[in-house]
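Here is how the chains run, residue by residue.
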Amino acid sequence: PKSPCHFLLVAMAKSKNHTGNNQVYKNHRNGIKKTRRPKKMSMQGMNCKFVRNQAFAKRGMQCTPEEKETRLAAQKEAQKKMEEKKVVERADRLKELQEAAAAPKSKK
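Note that the structure is a prediction, hence the values are computed from the model and not measured. (Residues numbered from 1 in each chain as written. Predicted model: local features only at pLDDT ≥ 70, side-chain atom pairs only at ≥ 80, totals over all residues. Heavy atoms only, no water.)

Give me the overall build of the chain: which residues, what numbers.
Of regular secondary structure, the chain possesses four helices and zero strands. When the elements of the chain are put in sequence order from the N terminus, they spell out α-α-α-α. Residues classed as buried in the chain amount to 0% of the 108 residues present. Within the structure as shown, the chain displays about 11,800 Å² of accessible surface, and the carbon and sulfur contribution to it stands at 57%. (Helix = DSSP H or I, 4+ residues; strand = E, 2+ residues; numbered from the N terminus. Buried < 20%, exposed > 50% of the residue type's maximum accessible area, 1.4 Å probe, protein only. Areas by Shrake-Rupley, 256 points an atom, 1.4 Å probe, with all protein chains shown as cover.)

Right under this line is the structure:
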């Protein structure tokens, strides 16, 4: 048997759901700090095939000082060869251009 005043005894619904009253104060007590940047970039979300290959490549580049010297010597030798090849190709190209420029004059 409910009394006629039953609806007054039941707690009323709350109308306020949230307040940011003290939050700013609390946040600034210790200061708002910038997030620290990571020393190493995250590989999460990268192409796993690429990440795997990168790791193997890094390991493959590790070598002793003697190996490093031989690699540098080989690299310099290859560079010299490429420079010589470039010079020869440039000379050939200039010769071709001169011949092409001389050809129309001789036809006239």
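Requested: an account of the pattern of salt bridges, with residues and values cited.
Under the criterion given, the structure shown has one salt bridge. The residue arginine 93 makes a salt bridge to glutamate 96 at a minimum N-O spacing of 3.7 Å. Remark: glutamate 96 and arginine 93 occur in helix α4 (residues 65-107); sequence separation between them is three residues, near one turn of the helix. Exposure remark for arginine 93: the relative accessible area of 49% places this residue in the partly exposed category. The exposure class of glutamate 96 is partly exposed, given its relative accessible area of 48%. (Salt bridge = Lys/Arg side-chain N within 4 Å of Asp/Glu carboxyl O.)

An account of helix α3 (residues 48-61) is needed here, citing residue identities and associated values.
At 3.6 residues per turn, the α-helix brings residues three or four places apart onto the same side. Taking 1.5 Å of rise per residue, 14 residues should cover 20 Å, and α3 covers 20 Å from first to last C-alpha, within 8% of that figure. The residue sitting at the N-terminus of α3 and contributing the capping side-chain oxygen is asparagine 47; that oxygen lies 3.2 Å from the backbone nitrogen of lysine 49. (Expected span 1.5 Å × (residues − 1). Polar contact = N/O pair within 3.5 Å; in protein donor to acceptor, adjacent residues only side chain to side chain.)

Tell me about the confidence of the model for the chain, and name the residues and values.
On average, residues of the chain carry a pLDDT of 89, and 89% of them reach 70 or more. Across the chain, element-level confidence peaks in helix α2 (residues 23-29) with a mean pLDDT of 96 and bottoms out in helix α1 (residues 6-9) with 58. (pLDDT = per-residue confidence, 0-100.)

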